[in-house]
Amino acid sequence: MFKEQLKSLIIKAKGMKDSQLVLKNANIINVFTGEIIEGDVAIDNGRIVGIGQYHGEKEIDLKGKYLSPGFIDSHVHIESSMSSPSQFAKVILPRGVTTIIADPHEIANVKGIEGIRYIIDDSKNTPLDVRIMLPSCVPATDFENSGSILEAEDLEELLDEETIIGLGEMMNYPGVISGNDKVLDKLTLFKDKVIDGHGPMIKEKDLNAYIVAGIKTEHECSTVEEVLDRIRLGMYVLIREGSAAKDLRNIIKAVNKDNLRRFLFCTDDRHPEDLINEGSIDFNIKLAISLGIDPVDAIIMATLNPSECYGLKGKGAIAPGYIADLVVIDNLKDFNIINVFKNGNLVAENNKALFESKIYLPESMTRSVKIKDVKIEDIQIPMKTNRANIIGVIEDSLVTEKVVKEVSIDNGYFKFSNEDILKMVVIERHFATGNIGAGLIENFKLKDGAIGSTIGHDSHNMIVVGDNDEDILTTINELKNIGGGLTIVSKGEVIKSLPLEIGGIMTSRPIEETNAILKEMIKLSHERLNINKNIDPFMTLAFMALPVIPKVKLTDMGLFDVEKFDFIKVYNED
């Protein structure tokens with residue numbers, strides 16, 4: 001069978017027989033030489049068979065428009081879009097992204113292997129090519145309770161899946177450097193595959209140790225110095241432009257013609273509004289061009305480089321034998337995407353998907369919120385002094401301040417006052433253990449209500465913040481009733497909710513609908529509850545339980561001082 005197909009491709013490459021499709025009169029972007037070549041591209045059975053002058057059973061005249069290889073997002077968490085893979089595909093394929101390297105560690109923290117299989121299976125319902133890096137750190141830390149624990153033996157059962165290409169971001173860099181046995185078991189399991197890094201603070205000999213362990217990439221660089229340290233030692237650097245972390249402007253300065261081939265683009269975490277309004281990797285490319293990067297070089301970083309880094313055979317270039325994942329662009333300044341071809345099939349035109357995806361929602365992925373009944377006494381904060389350790393929200397940052405202030409006390413417990421000091425609770429919601437962490441937060445500026453979410457990186461426990469216990473309880477119950485998601489409560493009334501039925505972090509509804517509800521909820525949060533207008537309330541809330549980002553965070557196990565790397569009391573005795 002293969003021999004006959006090969007013979008047919010050779011005949012069509014020689015022009016002795018018409019190909020199925022020919023894209024004529026294109027300005028072809030050659031990522032091997034950096035040239036732009038005028039010509040036709042012949043396509044047959046999803047493959048490029050030739051470049052030159054060809055005739056086809058079907059011909060499309062591009063009239064001098066630019067033809068690029070399909071873009072590759074080298075590191076992305078689909079879950080951050082709050083959408084299923086099939087819905088995610090409908091918004092990024094029209095943006096020219098034909099392949100993604102996905103790390104499903106968010107859903108894995110909720111549903112374990114079952115969650116990873118869901119991502120794999122639902123991805124098959126879409127033309128988007130989804131390659132999977134298996135999560136390396138589930139749970140991310142020992143300072144919170146997640147829905148799953150994945151060791152090397154758990155990951156091994158998925159290695160035969162053809163979409164699995166490596167091990168996801170190794171956040172446990174202390175475990176790598178110290179030679180922790182369980183970490184080494186994972187590194188050993190993936191010794192012949194790509195292993196992603198996550199170690200922005202590592203330097204000098206520790207960085208050598210991290211790399212010699214098999215770590216190949218880094219997407220957490222925020223300075224030119226960090227970038228150069230890593231590419232000098234042979235790493236690939238993924239230039240990230242996400243919704244929360246925006247690093248491209250800072251580190252694009254490190255790119256030059258000599259080191260260009262060590263850089264890739266990624267989005268990491270991109271939220272619905274940004275995906276719809278700005279795009280995906282196409283936004284990285286446009287931003288890089290606006291900052292002085294040659295357009296063809298920017299395209300090389302979005303195509304050939306990730307293909308070679310991750311071993312994606314037949315991707316990342318326009319050449320004979322390569323897969324026909326192609327993007328038609330009007331010009332290299334405005335960079336408007338006209339058409340997108342996947343395996344030689346037209347899948348998007350003028351920013352609209354030309355395919356439908358059936359909804360795939362196994363019952364096992366729903367009803368993920370399991371909590372015990374919570375009463376007011378369960379969320380009280382005991383105080384031995386009137387001085388409190390408070391989480392201080394910093395605008396436009398995932399980092400928080402450790403604030404020490406005097407607060408009101410009643411019968412040995414924290415008492416709400418008119419000051420901007422709110423109560424925050426984190427409730428373990430995977431196994432109904434009854435674990436509840438309660439703390440205080442300021443600069444959220446919420447009044448007359450509460451908001452809550454079951455999106456809480458990385459363990460995705462329930463997080464609620466409010467200025468009175470009654471509304472906090474109402475919010476907790478609403479999140480349980482809707483099966484997880486986001487909600488706003490004021491004066492005992494549920495104002496608006498966004499159900500996220502897939503593990504409490506994603507939904508199968510269209511991303512445009514999700515975005516519309518989310519925008520309305522953000523507006524209501526600012527207008528009805530007077531939340532700080534300089535923060536995205538739900539995005540901010542999602543990172544308040546992440547005990548790996550300084551300085552103070554709250555998990556279901558209690559208040560955590562990241563700098564001390566230990567739990568502390570809410571009351572301050574210093």
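All values reported here derive from a predicted model rather than from experimental measurement.

Engineer: Quick one: what's the story with the UniProt feature "domain: Adenine deaminase C-terminal" (unreviewed entry) in the protein, residue by residue and with numbers?
Structural biologist: Following the UniProt record, the feature "domain: Adenine deaminase C-terminal" (unreviewed entry) maps to residues 398-565 here. Helix makes up 21% of residues 398-565 and strand makes up 34%, while its end C-alpha atoms are separated by 17 Å.

Engineer: Would you mind going over the state of the cysteines in detail, with residue names and values included?
Structural biologist: The final tally for this structure, using the stated rule, is zero disulfides. We note that Cys137 lacks a disulfide partner, and the nearest cysteine sulfur, in Cys266, lies 17 Å from it. Classification of Cys137 as buried rests on a relative accessible area of 6%. We note that Cys309 lacks a disulfide partner, and the nearest cysteine sulfur, in Cys266, lies 11 Å from it. By relative accessible area, Cys309 is classed as buried at 1%.

Engineer: Got a sec to walk through the domain arrangement of the protein? Specific residues and values, please.
Structural biologist: You can read the domains of the protein as domain 1 (1-64), domain 2 (71-311) and domain 3 (366-567). A C-alpha centroid distance of 32 Å is found between domain 1 and domain 2. The interface of domain 1 with domain 2 comprises six residues on the first partner and five residues on the second. Summed over both partners, the interface of domain 1 with domain 2 buries about 450 Å², with 86% contributed by carbon and sulfur atoms. Taken together, the links from domain 1 to domain 2 amount to zero salt bridges. Applying the counting rule to domain 1 against domain 2 returns zero residue pairs in polar contact (both at pLDDT 80 or more). Grouping the constituent residues of the side of domain 1 that touches domain 2 by class yields four nonpolar, two polar and no charged.

Engineer: Any details on helix α12 (residues 295-302)? Residues and values, ideally.
Structural biologist: Burial of α12 is extensive: eight of the eight residues sit out of reach of the surface. Of the residues making up α12, those classed as buried are Pro295, Val296, Asp297, Ala298, Ile299, Ile300, Met301 and Ala302. Near the N-terminus of α12, the side chain that reaches the backbone nitrogen of Val296, with its oxygen 2.9 Å away, is that of Asp294.

Engineer: Tell me about the packing of helix α11 (residues 281-290) against α12, residues and numbers included.
Structural biologist: Viewed as axis vectors pointing N to C, α11 and α12 meet at an angle of 150°, and their least axial separation amounts to 9 Å. Here α11 is positioned roughly antiparallel relative to α12, judged by the angle of their axes. Judged by the sense of rotation from one axis to the other, the crossing of α11 with α12 is right-handed. Listed contacts from α12 to Ile281, Ile285, Ala288 and Ile289 of α11 are Pro295, Ala298 and Ala302.

Engineer: Tell me what's going on with the pairing of strand β29 (residues 558-561), and back it up with residues and numbers.
Structural biologist: Here strand β28 (residues 552-555) runs beside β29; their pairing, made up of four bridges, is antiparallel. Of the residues in β29, the one forming a bridge with Thr555 is Gly558. Counted along the chain from β28 to the antiparallel partner β29, the turn is two residues long. Sheet analysis places β29 next to strand β30 (residues 566-568), joined by three bridges and oriented antiparallel. For Leu559, the partnering residue across the bridge sits in β30 and is Ile568. Linking two consecutive strands that pair antiparallel, namely β29 and β30, is a turn of four residues; a positive phi of about 55° is found at Phe565 within it.

Engineer: A description of the UniProt feature "domain: Amidohydrolase-related" (unreviewed entry) in the protein should follow, citing residues and the corresponding values.
Structural biologist: Listed under "domain: Amidohydrolase-related" (unreviewed entry) in the UniProt record, and renumbered for this structure, are residues 66-347. Each end of residues 66-347 is marked by a C-alpha atom, and these two atoms are 17 Å apart; helix forms 34% of the span and strand 20%.

Engineer: Explain the side chain of Asp129 residue by residue, including any values.
Structural biologist: Mapping Asp129 onto the fold places it in strand β8 (residues 129-134). For Asp129, the side chain forms a polar contact with the side chain of Arg131, separated by 3.0 Å. When sequence neighbours within four positions are dropped, the list of residues in contact with Asp129 reads Thr98, Thr99, Ile100, Lys315 and Lys342.

Quick notes on the rules
- Residues numbered from 1 in each chain as written.
- Predicted model: local features only at pLDDT ≥ 70, side-chain atom pairs only at ≥ 80, totals over all residues.
- Heavy atoms only, no water.
- UniProt positions renumbered as here; feature names shortened; annotations may be inferred.
- Helix = DSSP H or I, 4+ residues; strand = E, 2+ residues; numbered from the N terminus.
- Disulfide = S-S within 2.5 Å.
- Buried < 20%, exposed > 50% of the residue type's maximum accessible area, 1.4 Å probe, protein only.
- Domains from an automatic or database assignment.
- Contact = heavy atoms within 4.5 Å.
- Buried area = accessible area lost by both parts, 1.4 Å probe.
- Salt bridge = Lys/Arg side-chain N within 4 Å of Asp/Glu carboxyl O.
- Polar contact = N/O pair within 3.5 Å; in protein donor to acceptor, adjacent residues only side chain to side chain.
- Nonpolar A, V, L, I, M, F, W, Y, C, P; charged D, E, K, R; others polar.
- Axes fitted to C-alpha atoms, helices over the stretch in contact; angles between N-to-C directions.
- Parallel < 35°, antiparallel > 145°, perpendicular 65-115°, else oblique.
- Left-handed = near helix turned anticlockwise from the far one by under 90°.
- Pairing = 2+ DSSP bridges.

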